[in-house]
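Fold and geometry: a report
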Amino acid sequence: MHEREEWTQLGRRAIDVARRAGAQWADVRIGRTESEELAVRNGAVCTLEKEDQTGFGVRVLVDGAHGFASGFELTPDEVDRVAALAVELARAGRGAGPGRLSWAAEPAWRDVWTSPFMIDPFAVPIDRKIDLLLRADGILRAKPEITASHASMSFRRESQVLLSSDGADLFQVTLRSGAGISATAHRDGETQCRSYPAAFGGQYLQAGWELVESMDLVGNAERCREEAIELLSAAPCPVGEKDLILSGDQLALQIHESVGHASELDRVQGWEANFAGTSFVDTGKLSGGFRYGSDLVNLVADATVPGGLATIGYDDDGVRSQRWHVVRDGVFSGYLTSRDVAHFESQNAPAAERAASSAPRSRGCSRAEGPWNVPIVRISNLSLMPGRWDFDSLVADTEDGVYMAGVKCWSIDQQRLNFQFTCEYGWEIKGGKRARTVKNPTYQGITPQFWRSCDAICDDRHWRLWGVPNCGKGQPMQVAEMSHGAAPTRFRKVSVGVSE
Amino acid sequence: MLHPERATRLAEAALRTSKADETEVVVEQLEQELNRFTADHPVQNLVRRLSRVSVRVRVDGHEGKASTGTATDDAVRRCVAQAIDVAKRTPRPAADLLPLPEAQPAADYRLRGRDPVAPDPADTARSVGAMTARARAEGCRAAGIQSAENELRVVMNSRGLSVADLDTRSEISLTCFRDDGAGWASEVAPHRTGIDVDAVARRAVGKTLASRDAKPVAPGHWTVILEPPAVASLLLFAAYRGFGAQQVEEGTSFLAGRVGEQVFGDGISIADDVHHPQAVGHVFDGEGMPRRTVPLVERGVARNLVHDRTTAHRYGCRSTGHATPQPSSDGPIASNLVLAPGAGATEDLLRGVDKGILVTQFHYTNMVEPTQLTLTGMTRNGTFLVSRGEVGPAVKNMRFTQSLVEALRRVTGIGGDARLASALFGGYTVVPSVRIDGFNFSSGTEF
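This is a predicted model, so every value here is computed, not measured. Along each chain, residue indices are assigned from 1 in the same order as the chain's sequence is written. Whichever chain is written first is A, and whichever ligand is written first is 1; the rest continue in order. Local features are withheld for residues below a pLDDT of 70 in this predicted model, meaning they are given only at 70 or higher, and side-chain atom pairs are given and counted only at 80 or more; totals for whole chains, interfaces and linings count all residues. Derived side-chain values reflect all non-hydrogen atoms in the structure, with water molecules and hydrogen atoms excluded from consideration.

Strands are runs of DSSP state E lasting at least 2 residues, helices are runs of H or I lasting at least 4, and numbering of each runs from the N terminus. Along the backbone of chain A there are twelve helices and 24 strands. Values of the radius of gyration come from C-alpha atoms, whereas the globule rule sets the reference at 2.2 Å times the count of residues to the power 0.38. Taken against the 2.2 N^0.38 rule, which gives 23 Å for 500 residues, the C-alpha radius of gyration of chain A at 24 Å falls within 12% of a compact globule. Each principal axis of the C-alpha atoms in chain A carries an extent, and together these give about 70 × 55 × 40 Å. Contacts are assigned to residue pairs that have any heavy atoms within 4.5 Å of one another. Excluding contacts between residues fewer than 6 apart, the proportion of contacts in chain A whose partners are at least 24 apart in sequence is 75%. A 1.4 Å probe and the Shrake-Rupley method give the accessible areas. Residues count as covered only by the protein chains that appear here. Of the roughly 16400 Å² of accessible surface on chain A, 48% is carried by carbon and sulfur atoms.

Structure below.
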């Protein structure tokens, strides 16, 4: 029997068991994650691993109380046990307090969705992949200052059936690829690292082997190495207020931390308060037209954008993917939601929108790390729309500034206001010209003030999607992936450097 | 419940199946019950089970690895075949491969034989209800978790090594809010019965009520009294990025070239000790080697590093049992730091402080620079002014940017209240409260 048919049969069985046990609503996700990880370090293959994970999760509502149970054995007996356990959990949970969950309506979609790619990375021979990594690694460590070189690739295919008691029947397959290189240089007690095309494993997108080929890891290894060595003798980051130009990859993380997480409605409602935190973007800021950034700032969530790591046909609540403004012309205009928090947004929408909308609807941001974990609100693909500047013209227009690139260290307070980021590589801008390179370039700010200081965004020639493959949230913590589109962008009078 | 015998049988079957020169099988199974709640009800109430069988093989000096989440004999057989296929397709032999470890003396492992923490949704719901009710009674809104988990790990290889261990853990973590105040408390224990639920709730509510109407203070250098969870979130970076032999070799550790030197104040002694009565974690490492107790820092002097078999071979010493699952580019990692306590309670650290800040918890700590272990992060859930030895009004949260190496040279008091504590990014340490002079707060926030 085909895998999908087998999963569908088991899923229908789980829903029957849950309904007979007393669940008013149930869904089940059954799926498989196949992955391949390859890495070369200091000239030797250090990781070569294939993984194949299958499992399922059953979620129920009993009188508005939530229950979820998961297992890894795809047998009728185990499906029965797990479905009954989910109902038992929901029943028991009613004793923990009087509150109940709301559940926004959604059509019961029946569909098949697959992400596009050109070349299946799992079909590319391993020796070809390793050879590419070894060639890049050899260039990275060609000078004695380099104490650690690293080159890696990662591929993942996820297949999942989602069935619900109200008739949803979805089968989706996504494929994503990633690769990157990094060099660590050390001399006289100083250690610096430089990565390409991005830190923490490189660039990831929903794509096939063609993504790796497009990166030209080998062709960029020498520059990566030389910049790491250059940083060993670079000047410290200046301290004070400067105009700041952020590269696209760093801006992607800025968007992620200071807009993405801040606009997750479960955080706003306090559901994440015990772990990752809450948000300063309380629901009053939706109805009140809160000024999040300057007029130039348009931040668009889009689970349909080609290549995005969060691009999907339907989320793990079975909600069809959407595109909407989180910030429009600088004004906060929409949250990231799931079916269990969507009503908080509709209750607080501006009066005109409230009148036009008949019922709350989720934005489709509910995702889980595999079917064995419970879906929670996750950041969608969230991008800063491009502006009109050419990068060279932007630098020429900057009198006293710092350019910063490459994620190195990030930290933000639990309401997503005070942030501080350190980048891998930076240079000062004096009189519209690039000046000396600076190490450990650091900037700090308060989220709305920072976005309000945005006065120039580079155009679509400089704009690209950047993958975030390591977003942690939830208890138990789950890792999710998403992308953020960004072009180099300028912010005026930002606090840079750190006072000792 | 998990089945150790079944896990062992799976590993044995994989070893029998494999025709590789050397084979290692790791079976891991997790069962976790978790009730995640907000003001007046659970928002997630779950039990999850996960399984992973990993097979690492060597064929003619080539290494390959495959894993499966399906715990059946057929799936494991396919996994072995895939690992061998991966190894054969590797174009270059793996460098400097040591033979897999042989069986170690059973006495070295000191297996603890803990009983599984059984899921009990009704009991969990009762204690969640008690916590949220206590919070409501004081006008507070609550959010938190109660969890219990069992993690089984079996490591066997074709050279006769065979170990199995069950790590158990219960945790309650509670955050409360009222007005602009927020407070947090948490307890972790190896057993479900080891946690006083009401005491956790009282502490979280107490912090919340006291932290209302916070006033800003100027960033700068302050004397700080850090409660154990705040200490944990700093010390974990020394574990991740400092005490491993490979990190020292590559110059990315603050201990590069400094082993044998006085690196911290002479009040600081740190060991890695999974056998500490409060510690959690497995008693063997990713290669199946027994985790040994390693004195890392004695009276401020860096004495030892942690090793896996690869770095031990290079250094001419024996593995301390700190390998991550192999193969790995990370090198050995310290995983069970214990900071030696002083005497007396947190309150004793307050005495003699003319003006300082008491920190309950740090949030989102991260590393700015590795060689000085410069860290940044935010205070959270209870930050208070200390004046003339007394805890005073709440202050608004602040960001620190501070070298941990420098900070641990300026420790002027260590409490006797050592306990198991975790941090936002995970990991556990056994740490007491600590008083530090000249701690650098670099900016403030709005709450």
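Residues and elements named next belong to chain A. By secondary structure assignment, the location of Glu-428 is in strand β18 (residues 418-430). Judged by its relative accessible area of 6%, Glu-428 falls in the buried class. There is a polar contact of 2.5 Å between the side chain of Glu-428 and the side chain of Arg-436. What Glu-428 contacts, discounting residues up to four positions off in sequence, is Pro-238, Gly-401, Val-402, Lys-433, Arg-434, Ala-435, Arg-436 and Val-438. Relative accessible area decides the class of each residue, using a 1.4 Å probe on protein chains only: under 20% of the type maximum gives buried, over 50% gives exposed, and in between gives partly exposed. As used in this structure description, the phrase polar contact means that two N or O atoms lie within 3.5 Å; if the pair is within protein, one of them must be able to donate a hydrogen and the other to accept it, and residues adjacent in sequence are counted only when both atoms belong to side chains.

Let's shift gears to the interface of chain A and chain B. A common way to report how large an interface is uses the accessible area buried once the components associate. Listed by partner, the interface residues are 87 residues for chain A and 80 residues for chain B. For the chain A and chain B pair, buried surface summed over both sides reaches about 7000 Å², with 53% attributable to carbon and sulfur atoms. Here chain A and chain B share 43 residue pairs in polar contact (both at pLDDT 80 or more) between them. In terms of residue count, strand β2 (residues 44-62) of chain A provides more of the side of chain A that touches chain B than any other element does, eleven residues in total. We define buried area as the total accessible area lost by two parts upon association, computed with a 1.4 Å probe and summed across both.

Below, the discussion takes up the environment of Gly-267 of chain B. Assignment of secondary structure puts Gly-267 of chain B in the loop between α6 (245-249) and β8 (270-272). Through-space distance from the C-alpha of Gly-267 of chain B to that of Arg-409 of chain B is 8.9 Å; in sequence the pair is 142 residues apart.

Moving on, we get to the domain arrangement of chain B. Residue and element names in this part refer to chain B. According to the domain assignment, chain B consists of domain 1 (4-199) and domain 2 (214-447). Domain boundaries shown here were taken from an automatic or database domain assignment. Taking only C-alpha atoms, the centre of domain 1 and the centre of domain 2 are 25 Å apart. Between domain 1 and domain 2, the residue contacts involve 35 residues of the former and 31 residues of the latter. Surface buried jointly by domain 1 and domain 2 totals about 2800 Å² across both partners, of which 53% is contributed by carbon and sulfur atoms. We define a salt bridge as a side-chain nitrogen of Lys or Arg found within 4 Å of a carboxyl oxygen belonging to Asp or Glu. Taken together, domain 1 and domain 2 are joined by zero salt bridges. For the interface between domain 1 and domain 2, the tally reads nine residue pairs in polar contact (both at pLDDT 80 or more). Counting only elements with at least two residues in the side of domain 1 that touches domain 2, the list comes to β3 (62-68), β4 (141-157), β5 (162-178) and β6 (181-189). The element best represented in the side of domain 1 that touches domain 2 is β5, accounting for eight residues. Charged means Asp, Glu, Lys or Arg here, nonpolar means Ala, Val, Leu, Ile, Met, Phe, Trp, Tyr, Cys or Pro, and polar covers whatever is left, Gly included. Counted by class, the side of domain 1 that touches domain 2 contains 14 nonpolar, five polar and 16 charged residues.

All names here are of chain A. Along its sequence, chain A is carved into domain 1 (3-233) and domain 2 (236-496). Distance from the C-alpha centre of domain 1 to the C-alpha centre of domain 2: 22 Å. Taken together, the contact between domain 1 and domain 2 spans 49 residues of the former and 49 residues of the latter. The largest per-residue losses of area from domain 1 upon contact with domain 2 belong to Glu-106, Phe-200 and Gln-206, which jointly make up 14% of the total buried on that side. Along the contact surface separating domain 1 from domain 2 lie seven salt bridges. With a shortest N-O distance of 2.9 Å, Asp-317 and Arg-59 are connected by a salt bridge.

With that settled, the discussion passes to the nonpolar core. Nonpolar cores were defined as sets of buried Ala, Val, Leu, Ile, Met, Phe, Trp, Tyr and Cys residues, with membership established by side-chain atoms within 4.5 Å. Counting residues in each nonpolar core, the largest one holds 67 residues, and the members touching the most others are Tyr-292, Val-326, Phe-332, Met-404, Tyr-443, Phe-450 and Trp-451 of chain A. In terms of residue count, the dominant contributor to this core is strand β17 (residues 400-412) of chain A (five residues). Aside from chain neighbours lying at most four places away, what touches Val-326 of chain A is Val-259, Ser-263, Leu-299, Ala-301, Val-331, Phe-332, Ser-333, Gly-334, Leu-336 and Leu-382 of chain A. In this structure, Leu-235, Phe-264, Leu-339 and Val-359 of chain B belong to the second largest nonpolar core, which totals 50 residues.

Residues and elements named next belong to chain A. With respect to burial, β18 is a largely interior element, twelve of its 13 residues being buried. Only strands that DSSP links by at least two bridges are regarded as paired with each other. Of the pairings in the sheet, the one linking β17 to β18 comprises eleven bridges and is antiparallel in character. Bridge pairing links Cys-409 to Thr-422 in β18. Turn length for the β17-β18 hairpin, with the two strands adjacent in sequence and antiparallel, is five residues, and the turn residue Arg-416 shows positive phi of about 70°. As paired elements, β18 and strand β20 (residues 442-446) share five bridges and run antiparallel to each other. Bridge pairing in β20 places Gln-420 opposite Gln-444. The pairing of β18 with strand β19 (residues 433-439) spans four bridges and is antiparallel.

Moving on, we come to the packing of helix α2 (residues 76-93) of chain A against helix α3 (residues 121-137) of chain B. As a packed pair, α2 of chain A and α3 of chain B sit with axes 8 Å apart at the nearest point and diverge in direction by 30°. Between α2 of chain A and α3 of chain B, the interaxial angle falls into the category roughly parallel. The handedness of the crossing between α2 of chain A and α3 of chain B comes out as right-handed. Along the contact surface, α2 of chain A presents Glu-88, Leu-89, Ala-92 and Gly-93 of chain A, while α3 of chain B presents Pro-121, Ala-122 and Ala-125 of chain B. Where helices are involved, their axes are fitted lines through C-alpha atoms of the stretch in contact, as for all axes, and angles between N-to-C directions lie from 0 to 180°. Reported orientations rely on four angle classes, namely roughly parallel under 35 degrees, roughly antiparallel over 145, roughly perpendicular from 65 to 115, and oblique for the rest. Crossings are assigned a handedness: left-handed for a near helix turned anticlockwise from the far helix by less than a right angle, right-handed for a clockwise turn.

Our focus in this paragraph is the pairing of strand β24 (residues 489-496) of chain A. All names here are of chain A. Sheet topology note: the strand β10 (residues 240-246)/β24 ladder contains six bridges and is antiparallel. Paired with Ile-245 across the two strands is Arg-490, which belongs to β24. Relative to β24, β20 runs antiparallel, the two being bridged by two bridges. The partner of Tyr-443 across the bridge, within β24, is Val-496. The pairing of strand β21 (residues 454-457) with β24 spans three bridges and is antiparallel. Among the inter-strand pairings, Ala-456 is bridged to a residue of β24, identified as Arg-490.

Expected helix span is computed as 1.5 Å times (number of residues minus one). Across its 18 residues, α2 of chain A extends 26 Å between first and last C-alpha, which sits within 8% of the 26 Å expected from 1.5 Å per residue. Three or more residues of α2 of chain A are buried, namely Glu-78, Val-79, Val-82, Ala-83, Leu-85, Ala-86, Val-87, Leu-89, Ala-90, Ala-92 and Gly-93 of chain A. Where α2 of chain A is buried, its residues touch α1 (3-20), β2 and β3 (65-71) of chain A together with β2 (41-59) and α3 of chain B.

Okay, unusual backbone geometry next. Phi is mostly negative for residues that are not glycine, and the peptide bonds are mostly trans. Across the junction of Tyr-196 of chain A and Pro-197 of chain A, the peptide omega takes the value -10°, indicating a cis bond. Counting through the fold element by element, Pro-197 of chain A comes out in the loop between β7 (190-196) and β8 (203-205). Positive phi outside glycine occurs at Tyr-364 of chain B, with the angle close to 50°. Along the chain, the position of Tyr-364 of chain B falls in strand β12 (residues 355-369). The buried category is assigned to Tyr-364 of chain B, whose relative accessible area is 9%. The backbone phi angle of Asn-381 of chain B is positive, close to 60°, even though this residue is not glycine.

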